[in-house]
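# Understanding the architecture of this molecule
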Amino acid sequence: WNNMCNIVSPEQFQGMNSLPVRIVVQLNEAANPKTFKALLNGKNITGKFQQVEEAMVATVGPEDGLRIAASKAKANTLITSVKGLHKALDIDTKVFFVKVEAITTIGHKGGVIEVTEPESPLFGVRVEIPEGALTSPKAISIAVRDNPPLFENGDSPLGTAVEIGPSGTTFAQPISITFKYDPSQIEEKGILGEQSLGVFALDNKGLWVPADLTQID
């Protein structure tokens, strides 16, 4: 009955550079899923998990206690446990690291965050937050969005999807986001000119919805 719960993702000491982080914990037939528990850096994240066949699956971000940084990857400790049908207890632990493309703290006075590393897949992404948009300081981050969903018609997004965190943040005033795009990708996709480009955001149902596009340069 050993290894009743086994963290299969992230792997031990894995380095990650996209958000959100997907956690998969495999349970064997001797485990009682109702007794499953999970801690991320000491924070209880059990409620984030859903049972998918013989595994417990969750996606987590900074709002769930995930440690992230842009200059150096931050270490995260994940601890999971489950009891067996006869009350035996099994615990698994994994340490993994997360590095985003940019992160900075912005408060009531507003501010700007931008990806300035030319080698980054998100080079040139810039978020401008005006004064009064945030009521308290928040660690705003820019990261690669891992495995973005398809559009309802089955098309995939053009370019690299961007995750701006923390997830669930609301703004009292509109913010401005600037993206760079590769003209060669437009030709490859058969898009007829810049006027056909659009910007989309994921809603709370995980569906792409159009965002206000103010300028194409």
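The following paragraphs examine the structure supplied in this document. (Residues numbered from 1 in each chain as written. Predicted model: local features only at pLDDT ≥ 70, side-chain atom pairs only at ≥ 80, totals over all residues. Heavy atoms only, no water.)

## A few points about the overall build of the protein chain
Helix and strand counts for the protein chain stand at 1 helix and 18 strands. Overall, the C-alpha framework of the protein chain stretches about 65 × 40 × 30 Å when taken along its three principal axes. Across the 217 residues of the protein chain, 32% fall into the buried class. Sequence-distant contacts, at least 24 apart, represent 59% of the contacts inside the protein chain between residues at least 6 apart. (Helix = DSSP H or I, 4+ residues; strand = E, 2+ residues; numbered from the N terminus. Buried < 20%, exposed > 50% of the residue type's maximum accessible area, 1.4 Å probe, protein only. Contact = heavy atoms within 4.5 Å.)

## Details of the nonpolar core
Ranked by size, the top nonpolar core spans 27 residues in total, and within it Val21, Val25, Phe49 and Leu66 carry the most contacts. Put simply, the parts of the chain that give this core at least two residues each are β1 (5–9), β4 (21–27), β5 (37–40), β8 (55–60), β9 (74–83) and β10 (89–98). The element contributing the most residues to this core is β4, with 4 residues. Apart from the residues lying within four places of it in its own chain, the contact partners of Phe49 are Ile23, Val25, Phe36, Ala38, Met56, Val57 and Ala58. By size, the runner-up hydrophobic cluster in this structure holds 13 residues, among which are Ala102, Ile113, Val115 and Ile142. (Core = buried A, V, L, I, M, F, W, Y, C linked by side-chain atoms within 4.5 Å.)

## Let's talk about the pairing of β4
For a regular strand, the rule is simple: side chains alternate between the two faces of the sheet. In terms of burial, β4 is a largely internal element, 5 of the 7 residues being buried. Sheet topology places β4 next to β8; 6 bridges connect them, and they run antiparallel. Looking at β8, one finds that Val25 is bridged to Met56. (Pairing = 2+ DSSP bridges.)

## A word on the pairing of strand β14 (residues 138–145)
Bridge count between strand β3 (residues 18–19) and β14: 2 bridges; the pairing is parallel. Residue Leu19 lies in a different strand from β14, and its bridge partner there is Arg145. Of the pairings in the sheet, the one linking strand β11 (residues 102–106) to β14 comprises 5 bridges and is antiparallel in character. In the sheet register, Thr105 faces β14, and the bridge partner there is Ala139. Sheet analysis places β14 next to strand β15 (residues 162–165), joined by 4 bridges and oriented antiparallel.

## Re a nonpolar patch on the surface
A cluster of nonpolar side chains, namely Leu39, Ile79, Leu89 and Ile91, defines an oily patch on the protein surface of about 350 Å² accessible area. Mapping Leu39 onto the fold places it in strand β5. Assessed through its relative accessible area of 34%, Leu39 is described here as partly exposed. (Patch = residues over 30% accessible without salt bridge, like charges linked within 9 Å, V, L, I, M, F, W, Y side chains within 5 Å. Areas by Shrake-Rupley, 256 points an atom, 1.4 Å probe, with all protein chains shown as cover. Salt bridge = Lys/Arg side-chain N within 4 Å of Asp/Glu carboxyl O.)

Function cannot be read off these values alone, since they describe shape.
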